[in-house]
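Notes for the structure review
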Amino acid sequence: MAGKVPRNRIGGSREVPPWRQVAVPSTDPYFGFEVLAKTCARFLAHHFKIFAPPEGVMPLDKFIAWVIYRTRYRSSTTFAALYLTGLLKERFQDLIVSHSRLTCHRLFLASFMVASKSIHDDTYTNKSFAELADKKIATVSDINTMEREILRYIDWKVNISNEVIEEFRRMV
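Given the structure is predicted, the values throughout are model-derived calculations rather than measurements. (Residues numbered from 1 in each chain as written. Predicted model: local features only at pLDDT ≥ 70, side-chain atom pairs only at ≥ 80, totals over all residues. Heavy atoms only, no water.)

Further remarks concern the overall build of the protein chain. Scanning the protein chain for helices and strands turns up 8 helices and 2 strands. Its helices and strands in sequence order give the protein chain the pattern α-α-β-α-α-β-α-α-α-α, from N to C terminus. For the protein chain, with 172 residues in total, the buried portion stands at 44%. For the protein chain, the proportion of contacts with a sequence separation of at least 24, taken over those separated by at least 6, is 78%. (Helix = DSSP H or I, 4+ residues; strand = E, 2+ residues; numbered from the N terminus. Buried < 20%, exposed > 50% of the residue type's maximum accessible area, 1.4 Å probe, protein only. Contact = heavy atoms within 4.5 Å.)

Shown next, in the form of C-alpha cells:
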C-alpha cells in the first residue's frame, strides 16, 4: 500500500489538508508567529470580556499561532479577522466571550475563517477548519453555525479593502 494515493468513493484522490503535510517544529510553541499571535490575543482580551478556556484547550495566543502556521495565510488575513471581530464588538458592546457558549478561540476561528473566505479564492472547507480546531473547540456543525452567525451579526460586511486592513494593522 505504500506509495499509493488513497481513493475516495468516486475514484478521485483524497486531498490531505496542508496542515497535515507540514512538519511541526518542536522547539517553538508559536511556530514563528509569537508577536502576531500575542498581538491578536491582546486585541481580543482588550475588546471582549474573556474568560479562561476549558481545561485541556491550548492558550489563545498559541492557538492563534497554530491556526496561522497551519493555514499559511498572510498576516493580512489575520488582521482582517481581527477587523471583523471589531465590527462584531461595535454591534454588540456588551458581548461576553465565555467558555460555556463561545470561547475566544471560537470567536477568532470564526472570524479568521470568514476573513479567509473573503480574501482568498481557494480556501479551506469548514470540515478542514474543524479538524484544525480540534473537537474540544469546535465540531463541523459548530463551525457551520459560527460562520452563519458571524456573517449575520456583521451584516455580511466581509469585503475589506487592503487600505483598510493596512490602516487597521497600524492601529493595532
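A few words on the pattern of salt bridges. Considering all chains together, one arrives at 5 salt bridges under this definition. For Arg169, the salt bridge is made with Glu166, and the minimal N-O distance between the two is 3.2 Å. Within this pair, Arg169 and its partner Glu166 are both found in helix H8 (residues 162-171), separated by 3 residues, close to a single helical turn. Looking at Arg169, the relative accessible area reads 25%, which means it is partly exposed. (Salt bridge = Lys/Arg side-chain N within 4 Å of Asp/Glu carboxyl O.)

Attention now moves to the nonpolar core. Judged by nonpolar contacts, the single largest core of 51 residues is most densely connected at Leu44, Ile64, Phe129 and Ile143. Contributions of two or more residues to this core are made by helix H2 (34-47), helix H3 (60-71), helix H4 (75-91), helix H5 (104-119), helix H6 (126-133), helix H7 (140-153) and H8. Examining the composition of this core, we find that 9 residues originate from one element, H5, more than from any other. (Core = buried A, V, L, I, M, F, W, Y, C linked by side-chain atoms within 4.5 Å.)

Unusually for a residue other than glycine, Phe31 sits at a positive phi of about 55°. Counting through the fold element by element, Phe31 comes out in the loop between helix H1 (18-21) and H2.

Quick look at H2 now. Taking 1.5 Å as the rise per residue, H2 with 14 residues should run 20 Å; its terminal C-alpha atoms sit 20 Å apart, in good agreement. The inward-facing, buried residues of H2 contact strand S1 (49-50), H3, H4, H5 and H8. (Expected span 1.5 Å × (residues − 1).)

Here a ring pair, both rings aromatic, is described through the centre-centre distance and the interplanar angle of the planes. Counted according to the given criterion, the structure contains 8 aromatic pairs. Seen from their ring centres, Phe43 and Phe168 are 5.6 Å apart, and the 80° between their planes marks the pair as edge-to-face. With Phe43 in helix H2 and Phe168 in helix H8, this residue pair connects regions lying 125 residues apart in the sequence. Phe168 shares its class with Phe43; the two are buried. Their ring planes at 85° and their centres at 5.6 Å tell us that Tyr83 and Phe168 sit as a pair that is edge-to-face. Of the two residues, Tyr83 sits in helix H4 while Phe168 sits in helix H8, which places them 85 residues apart along the sequence. Residue Phe168 is classed as buried on the basis of its relative accessible area of 9%. Taken together, the ring pairs in this structure connect Tyr73, Phe108, Phe112, Tyr124 and Phe129 into an aromatic cluster. (Phe/Tyr/Trp six-rings, centres within 6.5 Å; stacked < 30°, edge-to-face > 60°.)

All right, on to the packing of H2 against H3 then. Running from N to C, H2 and H3 point in directions that differ by 125°, and their axes come no closer than 8 Å. Regarding the angle of H2 to H3, the classification is oblique. Between H2 and H3 lies a crossing whose hand is right-handed. Facing Leu36, Ala37, Lys38, Cys40, Ala41 and Leu44 of H2, the residues of H3 in contact are Leu60, Asp61, Ile64, Ala65 and Ile68. (Axes fitted to C-alpha atoms, helices over the stretch in contact; angles between N-to-C directions. Parallel < 35°, antiparallel > 145°, perpendicular 65-115°, else oblique. Left-handed = near helix turned anticlockwise from the far one by under 90°.)

Fair warning: the whole summary comes from geometry, so function is off the table for now.
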